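Residues per chain are reported as follows:
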Amino acid sequence: MKFKAIAVDIDGTITSRDRSLDLVAIESLRSLDMPVVLSTGNILCYAHAAAKLIGVGGIVIAENGGIVSPGFDTVPIVSESIKDCEKAFDLLSGKFELTKLDPEHRKTEIVLRKNFDLELAREMLYDHGFNVEIIDTHFAIHIKSRNVNKGTGLVKVAELMGIKPKDFVAIGDSVNDVEMLEVAGFGVAVGNADSFLKDIADFTATSSYGTGAAEGVTYLLEHDLI
């Protein structure tokens, strides 16, 4: 089958090692005659700015699926998961000295600096029965709802676009991309991806970061998948 759209992570996937946008990856995405949806753990304004700079459409997934935006000038769809995350943060704050990142912009999750014992924090939340999880995306620590992820975001995007999640190719590198690759019809992991993401990917690039994403696009074109 031919896939109809691509959902692609930003940081660690279409960037270089220094987190700058990789021009090779951007050029490969711009050349495609199909929708490209950016899917990120970052905030909505970051996702929209990246979409404009890269030259793809305004449909984006932000905050690890917590926010889905139908376009640049539309009202975003925002999950109501922040209250559970705030309760979890309050509990952890009694044990650790935590630093929030982008607190004024985060609407559905809480993101923290990587300066505390992650495993102990997970044990504390598990013992208290919180319906949240803590994930390490290599760039920051995210406290997020277990019911919200890039996979649920992709399902909503597919619904907005009038296609199926399995019509998507998903490209990523980290733990927060797992559900997106599982929901999509075809998964691509860049060379620097976590091993567990490579295990579920249909294709793993030999190159890392943005060059790996471009390699994935080339593979899809050469095998008549897009």
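Up top you'll find the structure we're talking about.
The sections below set out a description of the structure shown in this document. As the structure is a computational prediction, the values presented were derived from the model and not from experiment.

Brief notes about the packing of helix H1 (residues 23-30) against helix H8 (residues 209-222)
- Relative orientation of the contacting elements H1 and H8 amounts to 25°, with a least axis distance of 7 Å. Here H1 lies roughly parallel to H8, going by the angle between them. Note on packing geometry: the crossing formed by H1 with H8 is left-handed. Here Val 24, Ala 25, Ser 28 and Leu 29 of H1 lie close against H8, whose contacting residues are Gly 210, Ala 213, Ala 214 and Val 217.
- Residue composition of the contact of H1 with H8, grouped by class: 6 nonpolar, 2 polar and no charged.

Details of the environment of Gly 66
- Considering the arrangement of structural elements, one finds Gly 66 in the loop between strand E3 (60-62) and strand E4 (67-69).
- Judged by its relative accessible area of 2%, Gly 66 is buried.
- When the C-alpha positions of Gly 66 and Lys 150 are compared, they lie 8.0 Å apart, and in sequence the two are 84 residues distant.
- With residues near it in sequence (within four places) discarded, Gly 66 still touches Ile 77, Val 78, Ser 79, Thr 108 and Val 148.

So, the nonpolar core
- Counting residues in hydrophobic clusters, the biggest one holds 51 residues, and the most contacted among them are Ile 6, Ile 14, Leu 38, Phe 168, Val 169 and Ile 171.
- Among the elements that line this core, the one with the most residues is helix H2 (residues 44-54), at 5 residues.
- One finds Phe 96, Leu 112, Ile 134 and Ile 141 within the second-largest nonpolar core, a separate group that totals 18 residues.

Side note on H8
- Here H8 spans 20 Å end to end across 14 residues, near enough to the 20 Å set by a 1.5 Å rise per residue.
- When we look at burial in H8, the residues that qualify are Tyr 209, Gly 210, Gly 212, Ala 213, Ala 214, Gly 216, Val 217 and Leu 220.
- Each element contacted by the buried residues of H8 is listed here: strand E1 (5-8), H1, strand E9 (168-172), strand E10 (186-189) and strand E11 (203-204).

Side note on the sheet that holds strand E8 (residues 141-145)
- Strands sit in the order E6-E8-E7 across an open sheet of 3 strands; the sheet is antiparallel. Both outer strands of the open sheet, strand E6 (110-112) and strand E7 (132-136), are each paired with one neighbouring strand and no more. Pairwise comparison of adjacent strand axes, ignoring direction, gives a mean angle of 25° for this sheet.
- As defined by bridge partners, E7 adjoins E8 across 5 bridges and the pair is classed as antiparallel.

So, the sheet that holds E11
- Strand order in this open sheet of 8 strands is E5-E4-E3-E2-E1-E9-E10-E11, and the pairing throughout is mixed. Because the sheet does not close on itself, it has two edges, and the strands there are strand E5 (77-78) and E11.
- When strand E2 (residues 36-39) meets E3, the two strands line up parallel, connected through 2 bridges. Bridging across to E3, Ser 39 finds its partner in Ile 61.
- Along the sheet, H2 makes contact with E2, E3 and E4, crossing E3 at roughly 145°.

Basis of the calculations
- Residues numbered from 1 in each chain as written.
- Predicted model: local features only at pLDDT ≥ 70, side-chain atom pairs only at ≥ 80, totals over all residues.
- Heavy atoms only, no water.
- Axes fitted to C-alpha atoms, helices over the stretch in contact; angles between N-to-C directions.
- Helix = DSSP H or I, 4+ residues; strand = E, 2+ residues; numbered from the N terminus.
- Parallel < 35°, antiparallel > 145°, perpendicular 65-115°, else oblique.
- Left-handed = near helix turned anticlockwise from the far one by under 90°.
- Contact = heavy atoms within 4.5 Å.
- Nonpolar A, V, L, I, M, F, W, Y, C, P; charged D, E, K, R; others polar.
- Buried < 20%, exposed > 50% of the residue type's maximum accessible area, 1.4 Å probe, protein only.
- Core = buried A, V, L, I, M, F, W, Y, C linked by side-chain atoms within 4.5 Å.
- Expected span 1.5 Å × (residues − 1).
- Pairing = 2+ DSSP bridges.

As far as function goes, none of this settles anything; it's purely spatial.
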